[in-house]
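What follows is each chain in one-letter form.
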Amino acid sequence: MKQYDFVIAGAGLYGATCAQILNESGKRVLVVDRRGTLAGNAYTEKMLGINVHKYGAHIFHTANKKIWEYVNRFADFNGFVNSPVANYRGDIYSLPFNMNTFKEMWGVVTPEEALNKIEEQKKDCATGEAVNLEEQAISLVGRDIYEKLIKGYTEKQWGRECKDLPAFIIKRLPVRMTYDNSYFGSQYQGVPVGGYTAMVEKMLESIEVRLNTDYLKHRKELNDMADKVIFTGPIDEFYDYQLGPLEYRTLRFEEEVMDIPNFQGNAIVNYTDRDTPWTRIIEHKWFEFGKDSSGKDILKTVITREYSEEWEPGNEPYYPINDEKNNTMYREYKKLADREKNVLFGGRLAEYRYYDMDQVVESAMKMINELLSI
Ligand code: UDP
């Protein structure tokens, strides 16, 4: 009999959810991660009393009560509602696109006026289903908003022209005919009190975890230790890039501690012009209302400028480029994965999908529940 039922490669949200449910149902689980930290890209680190999101902003939001109840077993959530703003050449606009944005952009005040404006601006657009991000964006919000709030940001974020990007990316953002700046329409949202690292620590509390352990470098010995492996890393790397590397965007973060209490007055400011080199600036303290864990105002601040860059092997992969070329290559990797008897693949990197955190948890839960009911 082997030492473990499951080895899980990756201590991010997908791996942690699988590990937690399996452990609770009596399975023997080992989690390994090549990083020296837990929680994958949701990892937070405390600096000056502030939980700094070291790999970019993570705000949990879901419409699924079951998922919400599940994550609330491991953390209290603070009710933070994300309302980022856009800075276009020094002018500030509300996000997501809603009546506040339309008022700021065009001076219109009623939904009817806003709709008329959008209709007028999308007149010269092709009718029928939008085939790329540019067409999709103009048909949703008109040309002015596309030019000022979408085009530059998207081209920086993805390193590609909006015409060459899939339409679904922009459908992530709601368009509302109400004065509502909440970015996510989800019923349940927030940031875990104490940070994501503490939440994942709690999920993995009674589970053996080996950090600084790269599954792919110790594949043979780890496979020998368990009946099954759950792999949450990049699927192309698992197969040694044998069908070619999938493309990703990577992020670079520049962190700065400032001796002032308030730099930008909001957790997230997107810089939507093409010339500013960063895509957004996060001011971490505002995810927790500017207070430390004892409820006191924090006098300094930590900000992070986020830059999006083309990924090369050796960098951290963040966003999958879900265009046709890459999706086709992914499907070929998936065929190899489906033939594995003892390895299961899941999560953003192994499924090459632009997942939100709640979708990651949901998909891990589903996979494990199916596995356990067989
Ligand atoms: N987007 C934009 N302007 C903004 C914010 C987002 O054009 O100010 C577009 C951009 O193409 C981006 C996509 O909407 O990649 C999805 O944005 P979201 O905030 O969901 O991205 P994430 O937080 O996952 O990076």
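Residues numbered from 1 in each chain as written. Predicted model: local features only at pLDDT ≥ 70, side-chain atom pairs only at ≥ 80, totals over all residues. Heavy atoms only, no water.

Asker: Just to check I follow, could you spell out the overall build of the protein chain for this structure?
Answerer: Counting secondary structure elements, the protein chain contains 11 helices and 16 strands. The C-alpha radius of gyration computed for the protein chain amounts to 22 Å, which stays within 12% of the reference 21 Å derived for 374 residues, consistent with globular compactness. Scored against the burial criterion, the 374 residues of the protein chain give a buried share of 57%. Counting contacts in the protein chain only where the partners sit at least 6 residues apart, residues at least 24 apart contribute 73% of the total. Summing over all exposed atoms, the protein chain offers an accessible surface of approximately 17100 Å²; the carbon and sulfur share of this is 48%. Mean positive and mean negative side-chain charge positions of the protein chain (48 and 58 charges, respectively) differ by 2 Å. (Helix = DSSP H or I, 4+ residues; strand = E, 2+ residues; numbered from the N terminus. Rg over C-alpha atoms; globule rule 2.2 N^0.38 Å. Buried < 20%, exposed > 50% of the residue type's maximum accessible area, 1.4 Å probe, protein only. Contact = heavy atoms within 4.5 Å. Areas by Shrake-Rupley, 256 points an atom, 1.4 Å probe, with all protein chains shown as cover. Lys, Arg positive; Asp, Glu negative; His and termini not counted. Charge placed at Lys NZ, Arg CZ, Asp CG, Glu CD.)

Asker: Can you walk me through the sheet that holds strand β9 (residues 208–210) in this structure?
Answerer: Hydrogen bonds between backbone atoms are what pair the strands of a sheet, whose relative direction is either parallel or antiparallel. Taken in spatial order, the 5 strands make up an open sheet running β9-β2-β1-β10-β16, and their pairing is parallel. If you trace the sheet from one side to the other, it starts and ends with β9 and β16 (343–345), each paired once. For this sheet the average axis-to-axis angle between neighbouring strands, irrespective of direction, equals 20°. (Pairing = 2+ DSSP bridges. Axes fitted to C-alpha atoms, helices over the stretch in contact; angles between N-to-C directions.)

Asker: Hey, could you run me through the pairing of strand β1 (residues 4–9) in this one?
Answerer: A regular strand carries its side chains on alternate faces of the sheet. The element β1 is extensively covered by neighbouring structure, given that 6 of its 6 residues are classed as buried. With 5 bridges connecting them, β1 and strand β10 (residues 226–231) associate as parallel partners. Following the sheet pairing, I8 is matched in β10 by I230. Taken together, the 4 bridges between β1 and strand β2 (residues 29–32) define a ladder with parallel strand orientation. By the bridge assignment for β2, I8 is matched with V31. The parallel pair β1 and β2 is bridged by helix α1 (residues 13–24), and the resulting crossover is right-handed. (Right-handed = clockwise from strand over helix to strand, strands pointing away.)

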